[in-house]
Amino acid sequence: MRKLREVHFTVLIFSFSVVSVILSLVLIPFLSSFKAPVNWREWVYCVIVGVSGLLGQILVSIALKKETAGLVSVTRTVDIALAYLLQITWFGEIPEAASVVGAGLVVLAVAFMTIEDSLLNFLRRIFGGTSIV
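Residues numbered from 1 in each chain as written. Predicted model: local features only at pLDDT ≥ 70, side-chain atom pairs only at ≥ 80, totals over all residues. Heavy atoms only, no water.

The next subject is the overall build of the protein. Regarding its fold elements, the protein presents five helices and zero strands. For the protein, the N- to C-terminal ordering of α and β elements is α-α-α-α-α. Scaling as 2.2 N^0.38, a compact globule of 133 residues should have a C-alpha radius of gyration of about 14 Å, whereas the protein reaches 20 Å, well beyond that. Projected onto its principal axes, the C-alpha coordinates of the protein cover approximately 65 × 40 × 25 Å. Taken across its 133 residues, the protein has 8% of its residues classed as buried. Long-range contacts, defined here as pairs at least 24 residues apart, represent 49% of the contacts in the protein between residues at least 6 apart. Of the roughly 10900 Å² of accessible surface on the protein, a fraction of 73% belongs to carbon and sulfur atoms. In the protein, the 10 positive side-chain charges and the 8 negative ones have mean positions that sit 9 Å from each other. (Helix = DSSP H or I, 4+ residues; strand = E, 2+ residues; numbered from the N terminus. Rg over C-alpha atoms; globule rule 2.2 N^0.38 Å. Buried < 20%, exposed > 50% of the residue type's maximum accessible area, 1.4 Å probe, protein only. Contact = heavy atoms within 4.5 Å. Areas by Shrake-Rupley, 256 points an atom, 1.4 Å probe, with all protein chains shown as cover. Lys, Arg positive; Asp, Glu negative; His and termini not counted. Charge placed at Lys NZ, Arg CZ, Asp CG, Glu CD.)

Mean pLDDT over the protein: 82, with 93% of residues reaching 70 or higher. The secondary structure element of the protein with the lowest average pLDDT is helix 3 (residues 69-76), at 76, and the one with the highest is helix 2 (residues 40-66), at 89. (pLDDT = per-residue confidence, 0-100.)

With respect to the element layout, A109 can be found in helix 5 (residues 97-126). When its relative accessible area of 38% is taken as the criterion, A109 is described as partly exposed. Remark: the alpha-carbon pair of A109 and L123, spanning 14 residues in sequence, is separated by 21 Å.

Spelled out as structure tokens, the structure:
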């Protein structure tokens, strides 16, 4: 992952896009009942989803060049909360209980990872930098 810091983000995005298109073309016929958009409104939604995904991937790639993967992954968990907020407010759909529990477990795991790092750093300061793990 450290070597990716030397690669321009457009190379990463292009590679990710090529792999995604190939996998989609191969797997969609077998795993879903895909239906192409039929009117201009559906096409606009598809373009918005595509542009949003592209911008999100660009920002994650840039973030990974500037910060550690741990910090970026913690920040990415905000996506879960935002997705549920959009699902409820924009689409008027209430998420199922299992989905909420799963999202809660992910958020709790990330919170515990954050607390773990802080706790380990605190213990290292107290015990003079000896390795705990």
